[in-house]
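Residues per chain, in single letters:
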Amino acid sequence: MPPILQRLQQATKTMSRRKILLLVLGCSTISLLIHQGAQLSWYPKLFPLSCPPLRESPPRPKHMTVAFLKTHKTAGTTVQNILFRFAERHNLTVALPHPSCEHQFCYPRNFSAHFVHPATRPPHMLASHLRFDRAELARLMPPGTVYVTILREPAAMFESLFSYYNQYCPAFRRVPNASLEAFLRAPEAYYRAGEHFAMFAHNTLAYDLGGDNERSPRDDADYLAGLIRQVEEVFSLVMIAEYFDESLVLLRRLLAWDLDDVLYAKLNARAASSRLAAIPAALARAARTWNALDASLYDHFNATFWRRVASAGRACVEREARELRAARERLLRRCFGAEPVLRPAAQIRTKQLQPWQPSRKVDIMGYDLPSGGAGAATEACLKLAMPEVQYSNYLLRKQKRRGGVRARPEPVLDNPPPRPIRALPRVPQGP
C-alpha cells in the first residue's frame, strides 16, 4: 500500500463515521468544482473565499440600503459604479440628482433632500457627490441605512485636485504656468476663502464631510476631535483609497455581500501624462501642511482602518484581497480583451464608455468593448466600465420608466445653485 494511503488509513481509525463521511463529501465537492471549473460563469458566483465566513445563525441576508459619501479624487467613482451595478442587479432604487444639479447633488451646497429627483425617491442607495448633511440624509434614507465613505492620502489627493480642477478653481488658475510647486510655496497668495470652488484648494475632505475647511487642527484641536466624532458616529466604514482592495473586503463583509459583488474596473483615472509619477517628499509635506485638517482626518481613519483589518484577521483580509484582484483580472480580460488597457477618450469607439474630460490639459482614460459583442455578458461589461455621467443618466431614465413618470417639465428649484463643474464652458487654450 502506498505510504499516503497508509497514513490516511491510520488517521481514519480515530475518526467517527460522521467525520469520515464529511471528509469524503468534501473531497467529492472539491473534485466536482475542479471538474466544472471551465463551466463556471465568467461573472463568478462561486467565489473561492479563503477567509472563514462570519459565524451567524441564520446567515445575514445582503444589506440593501447604503449611502456612500463620494469624496473628490479618492477613487469614489469606482465605488459608485460598484453600488450602481449592485442596485441594478437587485432592482433597487438609486437616489439621483435633480437635473438642475447635473450629476452631483447641487455640490458645493449643503445637501438637501430637495435636490433628489422625485422619480428616485424613496431610495435604497445613494452614491453621487454631495456635501454631507446628517439631518437631510436621515430624512431621505430609510432606517437601517449603512453609511460609508472613502479617504485618500492628502498630498496625493491634492495633486489630483490641482490637476483635475485647474481650469475651474480660481485659486489654481491664478498660479503661473499651472505649477503645483508654486502654489504650495505660497498658497495664501492665490487662495481666497469663500470663492466659488475654493473648497477644491483647501481641505477638500473636511469640506465634503460637512466640516469647516478653514479650521486648523493646530489652532483648534477640539474642532478636529468633534469632526472625527461625527464621522465615527455616522459612518460604519471609512475606506482608504491606497488600500482599495482591502477596503472592498471590509465593505463586502460589512454588507454581507459576496466578493463578486465588489468586482470593479478602475474609473476616472488620469493618463500618466496628466499626473506626477511621484510626489517629491518636500512637496508632499507642503501639501499636508496646507491641508492640515485633511491630513489629521486621514491619519486618524487610516489608523482606524488597520485596527479594523487586524480585528478581521489581517492575513485573512490580504488573502481575500488577492483573490479579488485575481478575479478582477479575469473579468477585465473577458470583457476588454486578452490585454485590457485603459485608453484615451479619443480612442474609445463606444460612446457610452467615453469619460468626461475636465480640460484639454487632463486626459481621463477609460475602457472600450471589443467589436462585435452582444448579449447579457456585453451589457454587464458595458456597465462595468460606464462613466458616472452616462450611468447616472441611464439609471434615471430606467427608474423613470419603472415608476411610470410621464414626460413633463421638471420643477424649478427655489434659489437654484450655480451650474456645477460639468456645465462650465471650457477655458480657451493658448496655441
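Here the structure is a predicted model, which is why all the values come from computation and not from measurement.

Trainee: Please explain the pattern of salt bridges as it appears in this structure.
Mentor: When their charged atoms lie close together, side chains carrying opposite charge are able to pair. Evaluation of the coordinates by the stated rule reveals 21 salt bridges. With a closest N to O distance of 3.0 Å, Glu153 and Arg288 form a salt bridge. A residue pair is termed long-range when its members are at least 10 positions apart, and Glu153 in the loop between strand S4 (146–151) and helix H5 (154–164) and Arg288 in helix H11 (residues 281–290) qualify at 135 residues. Residue classification places Glu153 among the buried positions, given a relative accessible area of 18%. The salt bridge partner of Arg349 is Asp368, with a shortest N-O separation of 3.8 Å. Of the two residues, Arg349 sits in the loop between strand S6 (343–344) and strand S7 (365–366) while Asp368 sits in the loop between S7 and helix H14 (376–384), which places them 19 residues apart along the sequence. What makes Arg349 exposed here is its relative accessible area of 58%. The buried category is assigned to Asp368, whose relative accessible area is 6%. The structure contains a network of salt bridges with shared partners spanning Lys62, Arg89, Asp258 and Asp261.

Trainee: Explain helix H12 (residues 292–312) to me, please; I cannot follow it from the model alone.
Mentor: The first and last C-alpha atoms of H12 sit 30 Å apart over 21 residues, in line with the 30 Å expected at 1.5 Å per residue. All of the buried residues in H12 are Ala292, Leu293, Asp294, Ala295, Leu297, Tyr298, Phe301, Asn302, Phe305 and Val309. One or two positions beyond H12, positive phi appears at Gly313, with a value near 100 degrees.

Trainee: Just checking my understanding: could you explain the pairing of strand S1 (residues 66–69) for this structure?
Mentor: Strand residues, when the strand is regular, have side chains that alternate between the two faces of the sheet. Burial along S1 is two-sided: the face carrying Val66 and Phe68 and the face carrying Ala67 and Leu69 are both buried. Two elements, S1 and strand S3 (residues 125–126), share two bridges in a ladder whose sense is parallel. Paired with Ala67 across the strands is Leu126, a residue of S3. Sheet topology places S1 next to S4; four bridges connect them, and they run parallel. Bridge pairing in S4 places Ala67 opposite Tyr147.

What counts, and where the lines are drawn
- Residues numbered from 1 in each chain as written.
- Predicted model: local features only at pLDDT ≥ 70, side-chain atom pairs only at ≥ 80, totals over all residues.
- Heavy atoms only, no water.
- Salt bridge = Lys/Arg side-chain N within 4 Å of Asp/Glu carboxyl O.
- Helix = DSSP H or I, 4+ residues; strand = E, 2+ residues; numbered from the N terminus.
- Buried < 20%, exposed > 50% of the residue type's maximum accessible area, 1.4 Å probe, protein only.
- Expected span 1.5 Å × (residues − 1).
- Pairing = 2+ DSSP bridges.

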